[in-house]
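Residue-level structure breakdown
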Amino acid sequence: LKRVLGQPLLREPRQLLNRRMTLLDLVAEVLARVRQTAERATGAAVTHVVAGRPVRFHHDTGRDAQAAADLAEAYAMAGFTALDWLAEPEAAALA
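Residues numbered from 1 in each chain as written. Predicted model: local features only at pLDDT ≥ 70, side-chain atom pairs only at ≥ 80, totals over all residues. Heavy atoms only, no water.

1. Details of the overall build of the protein chain
Of the regular secondary structure elements, the protein chain holds three helices and four strands. Each helix and strand of the protein chain, ordered N terminal to C terminal, gives the series β-β-α-β-α-β-α. Judged by the C-alpha coordinates and their principal axes, the protein chain covers about 40 × 35 × 20 Å. Relative to its 95 residues, the protein chain shows a buried fraction of 31%. (Helix = DSSP H or I, 4+ residues; strand = E, 2+ residues; numbered from the N terminus. Buried < 20%, exposed > 50% of the residue type's maximum accessible area, 1.4 Å probe, protein only.)

Below you can see the structure in the form of structure tokens.
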């Protein structure tokens, strides 16, 4: 996924899971299921997420920014209304 973020391939419809969808749609569906599972477990609405992300998705700064925007869009599509990033080294230290 990391290699596809920030590239047009992420938004190209393909046959996935017996449906026509984009990889962005697939990522959003997985994130929505995580959100729904958290809501069932806590009995509360889950709208805010703190997500780990690579320090850099790509060496190219433009593509790196687009990759972060793509992933943020997937979180929004999944129903999250607030997103904060935590760099993977920090996230790993807290885990």
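2. What to know about the nonpolar core
Among the nonpolar cores identified, the biggest contains 19 residues, and Leu5, Leu31, Phe57, Leu71, Ala74, Tyr75 and Phe80 are the most heavily contacted of them. Elements with a minimum of two residues in this core: helix H1 (23-42), strand S3 (48-53) and helix H2 (61-77). Every residue in contact with Phe80, bar those within four places of it in the chain, is listed here: Leu31, Arg35, Val46, Thr47, His48, Val49 and Tyr75. (Core = buried A, V, L, I, M, F, W, Y, C linked by side-chain atoms within 4.5 Å. Contact = heavy atoms within 4.5 Å.)

3. Quick word on the pairing of strand S4 (residues 82-87)
Relative to S4, S3 is paired through six bridges, and the arrangement is parallel. By the bridge assignment, Ala51 is partnered in S4 with Trp85. In this region the chain leaves S3, passes through H2 and returns to the parallel neighbour S4; the handedness of that crossover is right-handed. (Pairing = 2+ DSSP bridges. Right-handed = clockwise from strand over helix to strand, strands pointing away.)

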